[in-house]
Amino acid sequence: MDHRSMAAVAAVGEIHVITGPMFAGKTTALLRRIQAESANGRTVVMIKSEKDTRYGLDSVVTHDGVKMPCWALNELSTFKAKLGPEAYDKINVIGIDEAQFFKDLYDFCCNAADQDGKTVVIAGLDGDYLRRGFGSVLDVIPLADSVTKLTARCELCGKRAFFTLRKTNETNTELIGGADLYMPVCRKHYVNGQVVLKATTNVLGTATACLISMDH
């Protein structure tokens, strides 16, 4: 085997996928993995979509407030140039949060792991609010060394939640929000989604009426 072939073999990296519905702890699992890699002496970096501005653009933040500095990008293909070739070469592990928003996710993961020898760990939704594939996360699964499917807890009954139910009638797939717009639900309460939405509306209406009554 010549030196070029040996270098190519040495450069092979890994791809790990963390997926599931909203509120399943995907970002928490991602940060734990990246922090563990850092503690083991590996050079790490975090990336998230610049579309997600809920907690600012300079950090990846979990729903319970744990955060880590990151690069906010529109396209992953720009990362190497923005970081700089020398700095990029020193990176061992790349974490990507909200991966469903990156249209070039598949190509980036291929190049980073197969050509550049990076370990890439992505976290993202496996489906949208209609239970259809969201972005390219599912496309990356055939490339992955491991796939972790997390579940949340159904907000209506407490059982394991595999799906994300949207609380509004908005039909745009990319509607970024938190508990104000979405809730994790089990299969039963997803199928009965209209009932859930009606119940939620009634609860909010009752709460509003109570506040108005208290004000008067």
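Looking at an unreviewed UniProt entry, one finds the protein chain named Thymidine kinase and attributed to Acorus calamus. You can read under Catalytic activity (unreviewed entry) in the UniProt record for the protein chain the words "thymidine + ATP = dTMP + ADP + H(+)". UniProt lists a comment for the protein chain under the heading Sequence similarities (unreviewed entry), and it reads "Belongs to the thymidine kinase family."

The next thing to look at is the pattern of salt bridges. Under the criterion given, the structure shown has four salt bridges. Of the charged contacts in the structure, one is a salt bridge between Glu37 and Arg33, with a shortest N-O distance of 3.0 Å. Placement of both Glu37 and Arg33 in helix 2 (residues 26-39) is noted, with a separation of four residues, approximately one turn of the helix. Salt bridges here are not isolated pairs; linked through shared partners, they connect Arg33, Glu37 and Arg42.

All right, on to the UniProt feature "binding site: substrate" (unreviewed entry) in the protein chain then. Mapped onto this numbering, the UniProt entry annotates "binding site: substrate" (unreviewed entry) at Tyr182. By relative accessible area, which is 5% here, Tyr182 ends up buried. Side-chain polar atoms of Tyr182 contact the side chain of Arg166, separated by 3.0 Å.

Moving on, we come to the sheet that holds strand 6 (residues 93-97). With parallel pairing, six strands are arranged side by side in an open sheet as 5-2-6-7-1-8. Looking along the sheet, the strands with just one partner apiece sit at the ends: strand 5 (71-73) and strand 8 (146-149). Across the sheet, the mean angle from the axis of one strand to that of its neighbour is 20°, orientation sign disregarded. Contacting strand 1 (14-20), strand 6 and strand 7 (119-125), helix 5 (residues 105-115) runs over the sheet at an angle of about 160° to strand 7.

Let us now look at the packing of aromatic side chains. Enumeration according to the criterion identifies five aromatic pairs in this entry. An angle of 90° between the planes, with centres 5.8 Å apart, marks the rings of Phe101 and Phe134 as edge-to-face. In this pair, Phe101 is assigned in the loop between strand 6 and helix 5 and Phe134 in the loop between strand 7 and helix 6 (137-140), connecting sequence segments 33 residues apart. Just as Phe101 is buried, Phe134 falls in that class too.

Following the UniProt record, one finds the feature "active site" (unreviewed entry) at Glu98. Looking at Glu98, its side chain comes within polar contact range of the side chain of Gln100, at 2.7 Å.

Analysis parameters
Residues numbered from 1 in each chain as written. Predicted model: local features only at pLDDT ≥ 70, side-chain atom pairs only at ≥ 80, totals over all residues. Heavy atoms only, no water. UniProt positions renumbered as here; feature names shortened; annotations may be inferred. Salt bridge = Lys/Arg side-chain N within 4 Å of Asp/Glu carboxyl O. Helix = DSSP H or I, 4+ residues; strand = E, 2+ residues; numbered from the N terminus. Buried < 20%, exposed > 50% of the residue type's maximum accessible area, 1.4 Å probe, protein only. Polar contact = N/O pair within 3.5 Å; in protein donor to acceptor, adjacent residues only side chain to side chain. Pairing = 2+ DSSP bridges. Axes fitted to C-alpha atoms, helices over the stretch in contact; angles between N-to-C directions. Contact = heavy atoms within 4.5 Å. Phe/Tyr/Trp six-rings, centres within 6.5 Å; stacked < 30°, edge-to-face > 60°.

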